[in-house]
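Close look at the chain arrangement
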Amino acid sequence: MDKAVTKPQSPLDRLLASEFARFLLVGGFSAGVNVVARYLLNRVMPFEIAVLVAYLFGMVTAYLLSRRFVFEASGRKAHEEFIRFCLVNAVAAAQVWLVSEGLARLAFPAAGLTWHAEDIAHVIGVLSPVVTSYFGHRHFSFRK
């Protein structure tokens, strides 16, 4: 009797088998795009506007990578899926903006934090909607 020899999965293979882990990796990369874009945009526009514009860069990156590497095809046209993706991200954008602004303008000054306060506030803001966005995209944006 022939038994197929199976190669044990590496830790990376096991990690990438998880949809949520792939979502986190894509989200992390997209968050990096967001933060770098905000840093560059902040040179030519106020922080508050740069946060919102940078979010758009991160969102488009996240959509393209999520559609390719994270979620199964929904069966919808790409523009319909993208509109749903944008709706979920509109909620997340509000959360990112509120957290970033709240930390940078209220919490950090009250705590005496001045060292890269806007940068730290923005990174925390970008990370804040991870779980809610995953479920929003899984059950709305990319739902079959």
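Residues numbered from 1 in each chain as written. Predicted model: local features only at pLDDT ≥ 70, side-chain atom pairs only at ≥ 80, totals over all residues. Heavy atoms only, no water.

1. Here we look at a nonpolar patch on the surface
Taken together, the side chains of Leu 12, Leu 15, Leu 16 and Leu 25 present a nonpolar region at the surface, about 350 Å² in accessible area. Sort the elements by how many residues they give to the nonpolar patch and helix H1 (residues 11-16) lands first, with three residues. Structurally, Leu 25 is set in helix H2 (residues 19-41). Accessibility expressed as a relative area gives 46% for Leu 25, which makes it partly exposed. (Patch = residues over 30% accessible without salt bridge, like charges linked within 9 Å, V, L, I, M, F, W, Y side chains within 5 Å. Areas by Shrake-Rupley, 256 points an atom, 1.4 Å probe, with all protein chains shown as cover. Salt bridge = Lys/Arg side-chain N within 4 Å of Asp/Glu carboxyl O. Helix = DSSP H or I, 4+ residues; strand = E, 2+ residues; numbered from the N terminus. Buried < 20%, exposed > 50% of the residue type's maximum accessible area, 1.4 Å probe, protein only.)

2. Comments concerning the environment of Ser 128
If you trace the backbone, Ser 128 turns up in the loop between helix H5 (117-127) and helix H6 (130-141). For Ser 128, a relative accessible area of 28% translates into the label partly exposed. C-alpha separation for the pair Ser 128 and Ser 30, spaced 98 residues apart in sequence, amounts to 14 Å. Not counting the four nearest positions on each side in its chain, Ser 128 is found in contact with Gln 95, Val 96 and Val 99. Polar contacts involving the side chain of Ser 128 include one to the main-chain carbonyl oxygen of Gly 125, which spans 2.7 Å. (Contact = heavy atoms within 4.5 Å. Polar contact = N/O pair within 3.5 Å; in protein donor to acceptor, adjacent residues only side chain to side chain.)

3. Some words on the packing of aromatic side chains
To describe a pair of aromatic rings, one takes the distance between the centres and the angle between the planes. Within the structure shown, the criterion is met by eleven aromatic pairs. Between Tyr 63 and Phe 142 the ring centres are 6.1 Å apart and the planes differ by 15°, which places this aromatic pair in the stacked class. Of the two residues, Tyr 63 is situated in helix H3 (residues 47-70) and Phe 142 in the segment after H6; the sequence distance between them amounts to 79 residues. Take Tyr 63 and Phe 142: they sit in the same class, and that class is buried. Ring pairing ties together the aromatic residues Phe 20, Phe 23, Tyr 63, Phe 71, Phe 82, Phe 85, Tyr 134, Phe 135 and Phe 142, which thus form one cluster. The ring of Phe 140 has Arg 84 lying over it, and the distance from NZ or CZ to the ring centre is 4.4 Å. (Phe/Tyr/Trp six-rings, centres within 6.5 Å; stacked < 30°, edge-to-face > 60°. Lys NZ or Arg CZ within 6 Å of the ring centre and 35° of its normal.)

4. Quick word on the pattern of salt bridges
Should the charged atoms of two oppositely charged side chains come close, the side chains can pair. As enumerated under the stated definition, the model contains seven salt bridges in all. In this structure, the salt-bridge partner of Arg 38 is Asp 119, at a minimum N-O distance of 2.3 Å. A residue pair is termed long-range when its members are at least 10 positions apart, and Arg 38 in helix H2 and Asp 119 in helix H5 qualify at 81 residues. Arg 105 is the salt-bridge partner of Glu 118, the closest N and O atoms lying 3.0 Å from each other. One end of the pair, Glu 118, is in helix H5; the other, Arg 105, is in helix H4 (residues 78-111), with 13 residues separating them in the sequence. Note on Glu 118: relative accessible area 27%, which makes it partly exposed. Since its relative accessible area comes to 34%, Arg 105 is described here as partly exposed. Taken together, the salt bridges that share partners define one network made up of Glu 48, Glu 101, Arg 105 and Glu 118.

Nothing here speaks to function; it is geometry throughout.
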